[in-house]
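Results of the structural survey
One-letter residues, chain by chain:
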Amino acid sequence: MASKIAVLGLGSMGFGMACSMKSAGLDVSGYDVAPPAVERFVAEGGRGAGTPGEAVTGADVVVSVVVSGAQTEAVLFGPDGVAGAMKPGAVFVSSATMDPAIARDLAQRIKALGLHYLDAPISGGAAKASKGELTIMASGSPQAFAAARPALDAMAAKVYELGDTAGTGAAFKMINQLLAGVHIAAACEAIAFAAKQGLDLDKVYEVITASAGNSWMFENRIPHVLAGDYAPLSAIEIFVKDLGIVQDMARAERYPVPLVAAALQMYLAASGAGMGRDDDSSLARLYAQLSGATLPGTNNP
């Protein structure tokens, strides 16, 4: 069983994932482009690395927790890329949300170097990451799964094994992101509409979460709006990227995605209004700005 793990990217998700693996007894080294993130991990008892290459040296499993396919490619093959520093037979676990075609390309390139690639996007948020309770949608060779198993078991409550071809996990994640992005937009549209009507928003939340119109995203994101707190747990720009990928995939298949298109326009508008790095519940602020509705908190435009 693999025991030495490297985590590349110690943001809100990667930090929790690294800590959950450390808590499970694995030997975890962490690297991030922001030195304070590494220092935070060291303070939690992990091993810090000053470079990506230092982090992956001798590692059986390298878990990449970056945002996109482009960043994943840079992690592997960029100027400080780790593909050449990984030991033969090690597995690269890619958790980024990306176009399935990019995942397939990266898997082929890394296989040529004698390494394994596990396409393993994640869902669940930072709180579940820190508890080792993520959902992982994974695809890859049996060898990749076997090599990554100790890390997967430590990070996730559910690991869905979705086939032996990279890209399948990425495709499943894009279906999730389609729904998540549209549901957040719908939830924000609804709460701002309730505000426009002068309704008690706390009572709206209570009623809707006990009714058929509820969604996981309404229940999870609307408390941010009620608190007037838009500190980013998942930023607007994430869905600018992800719904853009869905739209590109759909266009290639000549498949209509009108709800995605409408939601994407709202995320783009929020980003253009200066909210791109704020929490994705900021769509409610955009609706308020457009309609003159009043939302709680000082962050309301």
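Each chain carries its own residue numbering, running from 1 in the direction its sequence is written. The model is predicted, so local features are restricted to residues of pLDDT at least 70 and side-chain atom pairs to those at 80 or more, both for listing and for counting; the totals for chains, interfaces and linings are taken over all residues. Side-chain numbers here rest on the full set of heavy atoms in the structure, without hydrogens or water.

Topic: the domain arrangement of the protein chain
How we decide: These domain limits were set by an automatic method or by a database of domain assignments. Whether two residues are in contact is decided by their heavy atoms, any of which lying within 4.5 Å being enough. Summed over both partners, the accessible area lost on bringing two parts together, with a 1.4 Å probe, is the buried area. Take a side-chain nitrogen of Lys or Arg and a carboxyl oxygen of Asp or Glu: if they are within 4 Å of each other, that pair is a salt bridge. Classification used: nonpolar for Ala, Val, Leu, Ile, Met, Phe, Trp, Tyr, Cys and Pro, charged for Asp, Glu, Lys and Arg, polar for all others including Gly.
Per the domain assignment, the segments making up the protein chain are domain 1 (4-164) and domain 2 (171-291). Computed over C-alpha atoms only, the centres of domain 1 and domain 2 are separated by 28 Å. On the domain 2 side, the residues contacting the 12 residues of domain 1 number 12 residues. Of the roughly 940 Å² buried between domain 1 and domain 2 on both sides combined, carbon and sulfur atoms contribute 69%. Taken together, domain 1 and domain 2 are joined by 0 salt bridges. Looking at the side of domain 1 that touches domain 2 residue by residue, the class counts come to 7 nonpolar, 4 polar and 1 charged.

Some details on the pattern of salt bridges
Heads up, the condition is: Numbering of helices and strands starts at the N terminus; helices are DSSP runs of H or I of at least 4 residues and strands are runs of E of at least 2. Between buried and exposed lies partly exposed: a residue is buried under 20% and exposed over 50% of the maximum accessible area for its type, with that area taken using a 1.4 Å probe on protein chains only.
Applying the stated criterion to the full structure yields 10 salt bridges. Residues Lys-241 and Asp-242 are paired through a salt bridge, measuring 2.4 Å at the closest nitrogen-oxygen approach. The partner of Asp-248 in a salt bridge is Arg-251, and the shortest N-O contact between them spans 2.6 Å. One end of the pair, Asp-248, and the other, Arg-251, are both in helix α11 (residues 236-252), 3 residues apart, so they sit about a helical turn from each other. Residue class for Asp-248 comes out partly exposed when judged on its relative accessible area of 38%. Counted as one network, the salt bridges with shared partners bring together Glu-73, Asp-105 and Arg-109.

Points about the sheet that holds strand β9 (residues 156-161)
Inclusion rule: Paired strands are those between which DSSP finds at least two bridges. As a rule, the C-alpha atoms of each element are fitted with a line to give its axis, helices using only the stretch in contact, and angles between N-to-C directions run from 0 to 180 degrees.
Taking strand neighbours across the sheet as the criterion, the 3 strands line up as β7-β8-β9 in an open arrangement whose pairing is mixed. The open sheet has two edge strands with one neighbour each: β7 (122-123) and β9. Direction of pairing for β7 relative to strand β8 (residues 134-138): antiparallel, over a ladder of 2 bridges. When the bridges of β8 are listed, Ile-122 appears paired with Ile-136. Running over the sheet, helix α7 (residues 142-155) touches β8 and β9 and is turned about 145 degrees from β9.

Considering the UniProt feature "domain: 3-hydroxyisobutyrate dehydrogenase-like NAD-binding" (unreviewed entry) in the protein chain
For clarity, the cut-off: UniProt positions are given in the numbering used here, feature names are shortened, and annotations may be inferred rather than shown by experiment.
The sites that UniProt annotates as "domain: 3-hydroxyisobutyrate dehydrogenase-like NAD-binding" (unreviewed entry) are residues 167-287. In this annotation, residues 167-287 is assigned 74% helix and 0% strand; the end-to-end C-alpha distance for the span is 35 Å.

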